[in-house]
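A structural walkthrough
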Amino acid sequence: MITFKKNIITLALTGALVGGLSTAAKAQQLPAAATAQAQTSISTAELTKFADAFQEVQVENQAAQQEMMGIIKTEGLDVQRFTEIQKAQMNPETEVEATDEELKKHAAVLAELKKMQPALETKMAGIIEEHGLTLDRYKAVAMALQQDKELQKKFQGIMMKKQTEG
């Protein structure tokens, strides 16, 4: 869960967070046996619940990204510049030159984003639970989706059906 908290800000701002799927998949590394078990025990009904939750999480994530970008701009940083500094701080192999003023603004943005984090996590977990899944199960399904091509096809089919119905 700690990885989830640290990565959600960076992932959301760099566009890598696709409705929580990427974060959920990276948030908890499941043992191979548990992942294999998750893959084989995901029913169509459960995958449909996941798809419903995924869609709502995606909408909420987009709103959160807009709010985060607003905070970055309010602090006087460009979103791209903030992301460059953030990546450099998260990865010691990445170098970026930043002025003291930029680093202070970056720190102020992070403080604001961390303040909004608990509410965002609670909201995302609530959305997932409203659809009949626990957060851990949502993460397990997300992990299984990343590793199982057949499950991905099944998920894409469910999503396509939802789009044509909706």
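Scroll up a little and you will see the structure.
Residues numbered from 1 in each chain as written. Predicted model: local features only at pLDDT ≥ 70, side-chain atom pairs only at ≥ 80, totals over all residues. Heavy atoms only, no water.

Scanning the entire structure with this criterion turns up 8 salt bridges. A salt bridge links K162 to D52, with the shortest nitrogen-to-oxygen separation between them at 2.4 Å. Of this pair, K162 sits in helix α8 (residues 149-165) while D52 sits in helix α4 (residues 44-74), and the two are 110 residues apart along the sequence. Across the pair E150 and K153 runs a salt bridge, and its minimum N-O distance is 3.8 Å. (Salt bridge = Lys/Arg side-chain N within 4 Å of Asp/Glu carboxyl O. Helix = DSSP H or I, 4+ residues; strand = E, 2+ residues; numbered from the N terminus.)

Okay, α8 next. Every α-helix winds through 3.6 residues per turn, so residues three or four apart in the chain are directed the same way. Across its 17 residues, α8 extends 24 Å between first and last C-alpha, which sits within 8% of the 24 Å expected from 1.5 Å per residue. Listed in full, the buried residues belonging to α8 are L151, F155, I158, M159 and K162. Take α8 and look down its axis: the buried residues cluster within an arc of 95°, on one side only. Of the residues in α8, the exposed ones pointing more than 90 degrees away from the buried face are K149, E150, K153, M160, K161, Q163 and T164. The secondary structure elements touched by the buried residues of α8 are α4 and α7 (135-147). The backbone nitrogen of E150 lies 2.9 Å from a side-chain oxygen of the residue at the head of α8, namely D148. (Expected span 1.5 Å × (residues − 1). Buried < 20%, exposed > 50% of the residue type's maximum accessible area, 1.4 Å probe, protein only. Arc of directions from axis to C-beta. Contact = heavy atoms within 4.5 Å. Polar contact = N/O pair within 3.5 Å; in protein donor to acceptor, adjacent residues only side chain to side chain.)

Quick look at the side chain of E46 now. Tracing the chain through its elements places E46 in helix α4. Among the polar contacts listed, one links the side chain of E46 to the side chain of R137, at a separation of 2.6 Å. Once residues lying within four places of it in the same chain are set aside, the contact partners of E46 are S41, L133, R137 and V141.

Further remarks concern the nonpolar core. Within the largest apolar cluster, 32 residues are counted, with the highest numbers of intra-cluster contacts made by L47, F50, F82, L113, Y138, L145 and F155. For this core, the secondary-structure elements that each account for two or more residues are α4, α5 (79-90), α6 (100-130), α7 and α8. In terms of residue count, the dominant contributor to this core is α4 (10 residues). (Core = buried A, V, L, I, M, F, W, Y, C linked by side-chain atoms within 4.5 Å.)

Glancing now at the packing of α4 against α6. Two elements in contact, α4 and α6, have axes whose closest approach is 10 Å; the angle formed by their N-to-C orientations is 170°. One element, α4, and the other, α6, form an angle in the roughly antiparallel class. In this structure, α4 meets α6 at a crossing whose hand is right-handed. The residues of α6 that touch α4, namely those facing A53, E56, V57, E60, N61, A64, E67, M68, I71 and I72, are V109, E112, L113, M116, L120, K123, M124, I127, I128 and E130. Partitioning the contact of α4 with α6 into residue classes produces 13 nonpolar, 1 polar and 6 charged. (Axes fitted to C-alpha atoms, helices over the stretch in contact; angles between N-to-C directions. Parallel < 35°, antiparallel > 145°, perpendicular 65-115°, else oblique. Left-handed = near helix turned anticlockwise from the far one by under 90°. Nonpolar A, V, L, I, M, F, W, Y, C, P; charged D, E, K, R; others polar.)

Okay, the packing of aromatic side chains next. The way to describe two aromatic rings as a pair is by their centre distance and the angle between their planes. Counted by the stated rule, this structure contains 4 aromatic pairs. Their ring planes at 25° and their centres at 6.1 Å tell us that F50 and F54 sit as a pair that is stacked. Residue F50 and its partner F54 are both found in helix α4; the two are separated by 4 residues, about one turn of the helix. The same class applies to F50 and to F54, which are both buried. A network of ring pairs unites the aromatic residues F50, F54, Y138 and F155 as a single cluster. (Phe/Tyr/Trp six-rings, centres within 6.5 Å; stacked < 30°, edge-to-face > 60°.)

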